[in-house]
Amino acid sequence: IESLCTQVLVVFVIRTRGNPFSSRAHPALIVASITVILFALLLPLTAAGKALGFIELSLHLYLLLIGLVVAYLIVVQATKQAFYRWYERHSARAHAHRRHAALD
């Protein structure tokens, strides 16, 4: 469940260069993401989930899952910001170097 949730939700973090809350995703992406996550969370509670060998998680584990997913998304956002800072510094230097070489 944790892996599926992080895979689905990380799309919202990496789809924009800035803050993921400042840019609204397309409604279809939001609906699809919520549907997939709800399906994953509810499947262990169904007869089909039981037939597949899934077990119900305790409330404690669901709360832990939420904490882990939020922590993961915070790390992804911080890593994305660090990457763009690094990229801007290096691409500015490369651009200045190319411009200087063209003048020679």
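The structure under discussion appears in the preceding block.
Residues numbered from 1 in each chain as written. Predicted model: local features only at pLDDT ≥ 70, side-chain atom pairs only at ≥ 80, totals over all residues. Heavy atoms only, no water.

Asker: Hey, could you go over the environment of Leu73 for me, with residue numbers and the actual values?
Answerer: Take Leu73: it is sitting in helix 4 (residues 59-103). Taking the C-alpha atoms as reference points, Leu73 and Phe12, 61 residues apart in sequence, are found 9.4 Å from one another. Leave out the neighbours within four places in its chain, and Leu73 touches Leu9, Val10 and Val13. (Helix = DSSP H or I, 4+ residues; strand = E, 2+ residues; numbered from the N terminus. Contact = heavy atoms within 4.5 Å.)

Asker: Go over the pattern of salt bridges with me, naming the residues and quoting the values.
Answerer: Applying the stated criterion across every chain yields a total of 2 salt bridges. Between Arg17 and Glu88 there is a salt bridge, with the nearest N and O atoms lying 2.5 Å from each other. Linking Arg17 in the loop between helix 1 (2-14) and helix 2 (27-42) with Glu88 in helix 4, this pair joins segments that are 71 residues apart in sequence. Given the relative accessible area of 44%, Glu88 is considered partly exposed. Notably, a salt bridge pairs Glu56 with Lys50, separated by 3.1 Å at the nearest N-O pair. When its relative accessible area of 45% is taken as the criterion, Lys50 is described as partly exposed. (Salt bridge = Lys/Arg side-chain N within 4 Å of Asp/Glu carboxyl O. Buried < 20%, exposed > 50% of the residue type's maximum accessible area, 1.4 Å probe, protein only.)

Asker: How would you sum up the side chain of Ser33? Please name residues and give values.
Answerer: Checked against the element boundaries, Ser33 lands in helix 2. Taking the relative accessible area as the measure of exposure, Ser33 reaches 7% and is therefore buried. Setting aside its immediate chain neighbours within four residues, Ser33 contacts Val8 and Phe12.

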